[in-house]
Amino acid sequence: MTRFAFTIAANDGRARTGEIAMERGVIRTPAFMPVGTAATVKAMKPADVRAAGADIILGNTYHLMLRPGAERVARLGGLHAFMAWDRPILTDSGGYQVMSLSELTKRSEEGVAFRSHLDGSRHLITPERSIEIQRLLGSNITMAFDELVPTTSTREVQAAAMERSMRWAKRSRDAFDGRDGAGGEAHAKHNAIFGIQQGALDEGLRRASADALVDIGFDGYAIGGLAVGEGQEAMFACLDYAPAQLPADRPRYLMGVGKPDDIVGAVERGVDMFDCVLPTRSGRTGQAFTRTGPLNIRNARFAEDQGPLDPTCACPVCATWSRAYLHHLVRAGEMLGAMLMTEHNIFFYQALMADLRAAIAAGTLSDFAGDFRARYGRGKGE
């Protein structure tokens, strides 16, 4: 069985298409990973997530360590058995949620001490504990623990956080390999670990981070610290150089991105993997993604619209139910509305990834991306 092997089948400019082979299955790239924060892709059954075209999902270390608890998940057979998803799972390190959700955080070289946003209980996450939690969950792609600071921070603050993240990356790698004495060797033989590049919007800091990560050595590399409010133009400016600073023969994962046009632009710049809560969160609030832009099904003009959400979409929702019915469900607060809107959005994202893979393989990505941007616009579908 293959622990982890990344192959590139075709290039088109800086974009690549290929696959990641792992013991639990093949991940086609570029790939979008639906977010399963609390051992569930919200409003979706695992079989339907797979039917939509997803090869891998993301689980959340911070949320699962607090509830139901990593040790409990391990006793129940691991995350795959717990949620009935038999394909690869990537778990984030918990760093972002610790910084953004928890109360009274205190950072030190050891790690981050914090109080739970659920009940105020006190916890400490170190690089070693983050890796241990991910191992208990049964993660197939483990993320190194890192420190995130706002892109608006001073360069001094950004540099210090990046340098600490690189020290934590080395500790994460050692813990993953079992060199910390915690017995991770068996897990490491069958699974993978990614490092996370930091450095905000500073090209020099990003280069130093990439060099440090490569020196440690990881199976894949993530681009962290973006999609945190800097805007698409600034993000793309960073992606004009950041992916190329990372090894070309390893997957590149842009964390927390994003909107469909963000993904298209990032793929053009050499990114292979993505995750974002938008398809599920938007589905629960009545927003559908379509080929002509996001559509707010709550709008009164859809009350008697008998057409599908997106006439070009082949998902079961668009094949079965009308905009009028979905409008009714969402306005009435029926849970089926959130379920159907989410299912459509997950299908839309996976269809977009399939189209991107096909365009790269055919050498027509520039035409596809241009046509996509001409049709798609934030707000055009409303």
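Everything that follows concerns the structure shown earlier in this document.
This report concerns the structure included in the present document. (Residues numbered from 1 in each chain as written. Predicted model: local features only at pLDDT ≥ 70, side-chain atom pairs only at ≥ 80, totals over all residues. Heavy atoms only, no water.)

1. Observations concerning the overall build of the protein chain
Counting its regular elements, the protein chain contains 16 helices and 16 strands. A globule of 382 residues ought to have a C-alpha radius of gyration of about 21 Å, and the protein chain, at 20 Å, matches this closely. Within the protein chain, the fraction of its 382 residues that count as buried is 58%. Considering only intrachain contacts with a sequence separation of at least 6, the fraction spanning at least 24 residues in the protein chain is 66%. On the protein chain, roughly 15100 Å² of surface is accessible, and the fraction owed to carbon and sulfur atoms is 50%. (Helix = DSSP H or I, 4+ residues; strand = E, 2+ residues; numbered from the N terminus. Rg over C-alpha atoms; globule rule 2.2 N^0.38 Å. Buried < 20%, exposed > 50% of the residue type's maximum accessible area, 1.4 Å probe, protein only. Contact = heavy atoms within 4.5 Å. Areas by Shrake-Rupley, 256 points an atom, 1.4 Å probe, with all protein chains shown as cover.)

2. With respect to the environment of Ser366
Among the structural elements, Ser366 can be located in helix H16 (residues 365–375). Measuring from C-alpha to C-alpha, the distance between Ser366 and Glu268 comes to 8.2 Å, with 98 residues separating the pair along the chain.

3. Side note on the pairing of strand E11 (residues 192–197)
With six of its six residues buried, E11 lies for the most part within the structure. Residues of E11 alternate between two faces, with Ala192, Phe194 and Ile196 on one and Ile193, Gly195 and Gln197 on the opposite face, all of them buried. In this fold, the crossover linking E11 to strand E12 (residues 220–223) by way of helix H9 (residues 203–216) has right-handed handedness. (Right-handed = clockwise from strand over helix to strand, strands pointing away.)

4. Some points on the pattern of salt bridges
On inspection of all chains with the given rule, the structure shows 23 salt bridges. Salt-bridge contacts for Arg164 lead to Glu109; the nearest nitrogen and oxygen are separated by 3.3 Å. Residue Arg164 is located in helix H7 (residues 155–177), and its partner Glu109 is located in the loop between strand E7 (103–107) and strand E8 (112–115); the two are separated by 55 residues in the primary sequence. Accessibility expressed as a relative area gives 18% for Arg164, which makes it buried. Taking relative accessible area as the criterion, Glu109 reaches 33% and is therefore assigned partly exposed. Notably, a salt bridge pairs Arg129 with Glu132, separated by 2.9 Å at the nearest N-O pair. On the criterion of helical spacing, the pair formed by Arg129 and Glu132 is a turn pair, its members being three residues apart in helix H6 (residues 127–137). On the basis of relative accessibility, which here comes to 22%, the residue Arg129 falls in the partly exposed class. (Salt bridge = Lys/Arg side-chain N within 4 Å of Asp/Glu carboxyl O.)

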